[in-house]
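If you want the building blocks of each chain, they are given just below.
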Amino acid sequence: LTMVEKIDESGNKLAVPDGLRREDFLRWMHKLPDTQTPAWLGLPNNADQVILQTKASTFVQKLLKMQTVTDDEDLVYQDLDFSPDSTRRKSVIGGAVRPQWMKALGDSVGQWLAIIPPDDLPALKRTVENIKDPLYRFYERECTIGRNLLKTILTDLNDVAQVCDLKKKQTNYIRGLLSDLQKGIVPKSWVRYNVPSGVTINPWIIDFAERIRQLQKIVEAAQMGQTALKELTVWLGGLFSQEAYVTATRQSVAQCKGYSLEELKLQVSVHSGPVELDSSSFGISGLKLMGAEHENASGKLKITEDIMTDLMYTKISWVREQDITALGKKITLPVYLNNTRTTLVETLDFPTDEDQFYERGVVILCTSLS
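What you are looking at is a predicted structure, and each value in this text was computed from that prediction instead of being measured. Going along each chain's sequence as written, the residues are numbered from 1 onward. With pLDDT at 70 or above as the cut-off, local features in this predicted model cover only qualifying residues; side-chain atom pairs require 80 or more to be listed or tallied, and sums for whole chains, interfaces and linings still use all residues. Excluding hydrogens and water, the side-chain figures rest on all heavy atoms present in the structure.

*Asks:* Just checking my understanding: could you explain the packing of aromatic side chains for this structure?
*Replies:* In this description, a pair of aromatic rings is defined by centroid distance and the angle of the planes. Here is the rule: rings of Phe, Tyr and Trp (six-membered ring for Trp) pair when centre to centre is within 6.5 Å. Planes less than 30 degrees apart are stacked, more than 60 are edge-to-face, and the remainder are tilted. For the coordinates displayed, the defined rule picks out six aromatic pairs. Here Phe138 and Tyr139 contribute two aromatic rings whose centre-to-centre distance is 5.5 Å and whose plane-to-plane angle is 55 degrees, an arrangement assigned as tilted. Of the two residues, Phe138 and Tyr139, neither departs from the other in class, the shared state being buried. Look at Tyr193 and Phe240: their rings are 5.1 Å apart centre to centre, the planes differ by 55 degrees, and that puts the pair in the tilted class. Note that Tyr193 is positioned in the loop between helix 6 (172-182) and helix 7 (201-224) and Phe240 in the loop between strand 5 (234-235) and helix 9 (242-257), a separation of 47 residues in sequence. Each member of the pair, Tyr193 together with Phe240, is buried. In this structure an aromatic cluster arises from ring pairing among Trp190, Tyr193, Trp204, Phe208 and Phe240. We count a charge as sitting over a ring when the NZ of a lysine or the CZ of an arginine lies within 6 Å of the ring centre and within 35 degrees of the ring normal. Note that Lys230 overlies the ring of Phe282, its terminal NZ or CZ placed 4.6 Å from the centroid. A simple rule labels every residue: compare its accessible area, found with a 1.4 Å probe on the protein chains alone, to the largest value its type can have, and call it buried under 20%, exposed over 50%, or partly exposed in between. Helix and strand definitions follow DSSP, with helices as H or I runs of at least four residues and strands as E runs of at least two, each counted in order from the N terminus.

Okay, here's the thing in structure tokens:
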């Protein structure tokens, strides 16, 4: 009987002693290795690497914030120094002295404005037919949220850029923006959807820009018709409300097929690329699988030592319970919004031949933003 699988890097197993006497157990105990890997606790042997990676990310975020605050304090004293050496370190625009931190922030704002798409996200046009589709109504809400937030962010960044160029006077609201952006903090007025609490401004801007680009694709698909909109592959983590998307797909299938919502159950399959979709199926990209991987040949999940693997294309289908294809042995995995594992989106069933998924804490993430 095997007690622990892969107790070392060589893949050796720890088995129960064969003897029944005290001497047999003592002999077995003395043969145990001196070092114990995380596998003894049912964890992957790289569990310490996952912990160190999380600690390192948190440490770097805090270090960057501390460095910014320290630089700001030093610059306050530099601004009061009008010696020739200090004056050369300052930028002069229109005869007014601009602090170095303001110049650095202005450069960062220029880079952010170059990343974020322009404020030209059109609204989805309602018709008598498409307004009846739950999926269309969901996309309409998503575009409205994205368009309003995009307008706010671009307005704020342009105002900050003008203040940094000494072309506009500061207000209390802009001072708050300057304070947050200097420290790498996402302003509270921008946080209108769920993101990890410790996320800094640079990855947040990149993530937001990708969300807006996805909304632009949604608008283009909507202009082509409801069929193109339904067949669009969606980055689930890039939506503002992932749970609402899952609900909208279920309602859409129920309306199309004439079924009740209670009859429909969710089925999932993973593929290496886009596949043909029927009226009950939808395509999702960007999912991350932590602690396991998907085998394309067998279509099953298996445990892996890799920290995270990509699910390139995931097909979800709403099927009546009596029409569900039996998977044999299966595992139900939670789908979380991000690696904080605080927001549960859905649970999905996958075929597998292994049993250690819950011990390893295997989950699916919609986005890797942290």
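Now, onward.
*Asks:* How should I be thinking about the pattern of salt bridges in this particular structure?
*Replies:* Any two side chains of opposite charge can pair, given that their charged atoms come close. Salt bridges are defined as contacts in which a side-chain nitrogen from Lys or Arg sits within 4 Å of a carboxyl oxygen from Asp or Glu. Using the criterion set out here, one finds 13 salt bridges in the structure. Among the salt bridges present, the one from Asp159 reaches Lys168, with a minimum N-O distance of 2.9 Å. Assessed through its relative accessible area of 17%, Asp159 is described here as buried. Ionic pairing is found between Asp207 and Arg211, a salt bridge with its closest N-O pair at 2.6 Å.

*Asks:* Teacher, can you tell me more about the environment of Arg250 here?
*Replies:* Residue position: Arg250 is located in helix 9. A contact between two residues is defined here by any heavy atoms of the two lying within 4.5 Å. Among all residues touching Arg250, those that are not within four sequence positions of it are Leu261, Glu262, Leu264 and Trp318.

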